[in-house]
Amino acid sequence: MHDCCHCIYFALPTSYHQHEIQLNLPCDNGLWQARCAADWFAVLQASSPYGPYQMRLTGISFLKSLSYISTTRLLSAHISLNPFAHFVLVHSILRQLFHTCVEHQITGHSAEASDESVDQKVLELQYALHNWFQSWKHSPDAPKNTVPHDEPPFIDNVLPFYWLGQIALLAHQESLPPFEFTTPNDLQVETRFRLVKHWLKHIRNFLKKGDGGATLFWDELMKIRLQTWQHEIETDRLEEEDGLLGFFPEY
């Protein structure tokens, strides 16, 4: 987590590649909150939406879960994950996003092949954010605020980081801070930290005032956008044999 945060908040390179993290995601809340060994064993033996006790005992592979939600398609089946696991995964996605955007910022638009590679990576990250949100929405322990202007506990309060990812994607696409080209100030630690914290402050205030409807609406827009992008990518790969006649319908 510290390695992810260094990349997100401080514009620093990561110390580890994600494929080096051979760990499992945290187990479900019931096991964490057991008061004694007997309670823990009873919770483990009880039926659970998180799967059989063997899976709950060891946790789900971090790399397999990240790979699954990063699939470039809209997933119909979702892994049952607790808020802590979603917290870890969304930070991993953000780490990839900020790393990709900064790397593109440094190299610039010098190579068309490089641009295409970055665009493909950004598309994958957009899918990852969408699939992550769908997984969070179906989580058995997803927090549901009933008190106005209140927030879930820190580890459970993962939705602001989804919005942070969406804002970062828009900033990258529009070449806005902190992803402006030929602007070295965006790579300074203090500049990045202040900007990202400013974003998060506004996001959290926005979410505390709403009922979650805006997030659902935005995610549906992203779903349509992803489907459009995928269609454009697949269409571009087809050969146009009709030339200008392809613009006209056949009679």
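Just so we're clear, the structure is a prediction, and the values are computed from it rather than from any experiment. (Residues numbered from 1 in each chain as written. Predicted model: local features only at pLDDT ≥ 70, side-chain atom pairs only at ≥ 80, totals over all residues. Heavy atoms only, no water.)

With an omega dihedral of 5°, the bond running from Pro-177 to Pro-178 counts as a cis peptide bond. By the element assignment, Pro-178 lies in the loop between helix 8 (159-173) and helix 9 (189-209). The residue Ala-11 is not glycine, and still its phi comes out positive at about 55°. Secondary-structure assignment places Ala-11 in the loop between helix 1 (2-10) and helix 2 (29-32). (Helix = DSSP H or I, 4+ residues; strand = E, 2+ residues; numbered from the N terminus.)

So, about the packing of aromatic side chains. The full count for this structure, using the stated rule, is 11 aromatic pairs. Judged by centre distance (5.4 Å) and plane angle (0°), the ring pair of Phe-10 and Phe-193 falls under stacked. Here Phe-10, found in helix 1, pairs with Phe-193, found in helix 9; they are 183 residues apart in sequence, far enough to count as distant. Judged by centre distance (6.2 Å) and plane angle (80°), the rings of Tyr-162 and Trp-163 are edge-to-face. (Phe/Tyr/Trp six-rings, centres within 6.5 Å; stacked < 30°, edge-to-face > 60°.)

Quick look at the packing of helix 1 against helix 9 now. Where helix 1 contacts helix 9, the axes come no closer than 7 Å and their chain directions differ by 95°. Classified by the angle between their axes, helix 1 and helix 9 sit roughly perpendicular to one another. Residues Cys-7, Ile-8, Tyr-9 and Phe-10 of helix 1 form the contact with helix 9, whose own contacting residues are Val-189, Arg-192, Phe-193, Val-196, Lys-197 and Leu-200. Class assignment for the residues of the contact of helix 1 with helix 9 results in 8 nonpolar, no polar and 2 charged. (Axes fitted to C-alpha atoms, helices over the stretch in contact; angles between N-to-C directions. Parallel < 35°, antiparallel > 145°, perpendicular 65-115°, else oblique. Contact = heavy atoms within 4.5 Å. Nonpolar A, V, L, I, M, F, W, Y, C, P; charged D, E, K, R; others polar.)

Take the packing of helix 8 against helix 9 next. Viewed as axis vectors pointing N to C, helix 8 and helix 9 meet at an angle of 125°, and their least axial separation amounts to 9 Å. Overall, the two elements helix 8 and helix 9 adopt an arrangement that is oblique. Along this stretch, helix 8 crosses helix 9, giving a crossing that reads as right-handed. Contact with helix 8, carried on its side by Leu-159, Pro-160, Phe-161, Trp-163, Leu-164, Ile-167, Ala-168 and Ala-171, involves Val-196, Trp-199, Leu-200, Ile-203, Arg-204, Phe-206 and Leu-207 of helix 9 and no other residues of that element. (Left-handed = near helix turned anticlockwise from the far one by under 90°.)

The next subject is the side chain of Thr-100. With respect to the secondary-structure elements, Thr-100 resides in helix 6 (residues 83-107). A distance of 2.8 Å separates the side chain of Thr-100 from the backbone oxygen of Gln-96, its partner in a polar contact. With residues up to four places along the chain from it excluded, the contact list for Thr-100 reads Val-118, Lys-121 and Leu-125. (Polar contact = N/O pair within 3.5 Å; in protein donor to acceptor, adjacent residues only side chain to side chain.)

Turning next to the pattern of salt bridges. Enumeration over the complete set of coordinates arrives at 4 salt bridges. Note that Asp-28 is salt-bridged to Arg-56, the shortest N-O span being 3.0 Å. With Asp-28 in the loop between helix 1 and helix 2 and Arg-56 in helix 4 (residues 53-58), the pair connects residues that are 28 residues apart, well separated along the chain. A relative accessible area of 6% means that Asp-28 is categorised as buried. For Arg-56, a relative accessible area of 4% gives the class buried. The salt bridge involving Lys-121 is made with Glu-124; its shortest N-O contact spans 3.9 Å. Of this pair, Lys-121 and Glu-124 both sit in helix 7 (residues 112-137), 3 residues apart, which is roughly one turn of the helix. For Lys-121, a relative accessible area of 27% translates into the label partly exposed. (Salt bridge = Lys/Arg side-chain N within 4 Å of Asp/Glu carboxyl O. Buried < 20%, exposed > 50% of the residue type's maximum accessible area, 1.4 Å probe, protein only.)

What follows concerns helix 8. Relative to the 21 Å expected for 15 residues at 1.5 Å per residue, helix 8 spans 22 Å between its end C-alpha atoms, a close match to the ideal helical length. Among the 15 residues of helix 8, 12 are classified as buried, and the element is accordingly described as predominantly covered. For helix 8, every residue scored as buried is listed here: Leu-159, Pro-160, Phe-161, Tyr-162, Trp-163, Leu-164, Gly-165, Gln-166, Ala-168, Leu-169, Ala-171 and His-172. The positive-phi residue at the C-terminal boundary of helix 8 is Ser-175, with phi of around 55°. (Expected span 1.5 Å × (residues − 1).)

Our next topic: a nonpolar patch on the surface. A cluster of nonpolar side chains, namely Trp-40, Phe-41 and Leu-57, defines an oily patch on the protein surface of about 300 Å² accessible area. Its place among the elements puts Leu-57 in helix 4. (Patch = residues over 30% accessible without salt bridge, like charges linked within 9 Å, V, L, I, M, F, W, Y side chains within 5 Å. Areas by Shrake-Rupley, 256 points an atom, 1.4 Å probe, with all protein chains shown as cover.)

Quick look at the confidence of the model for the protein now. Chain-level pLDDT for the protein is 79 on average; 74% of the residues reach the 70-or-more range. Per-element confidence in the protein is highest for helix 3 (residues 37-45), whose mean pLDDT is 94, and lowest for helix 10 (residues 213-236), whose mean pLDDT is 57. A low-confidence stretch, residues 236-251 (pLDDT under 50), is modelled with 0 contacts involving residues beyond four sequence positions or located in other chains. (pLDDT = per-residue confidence, 0-100.)

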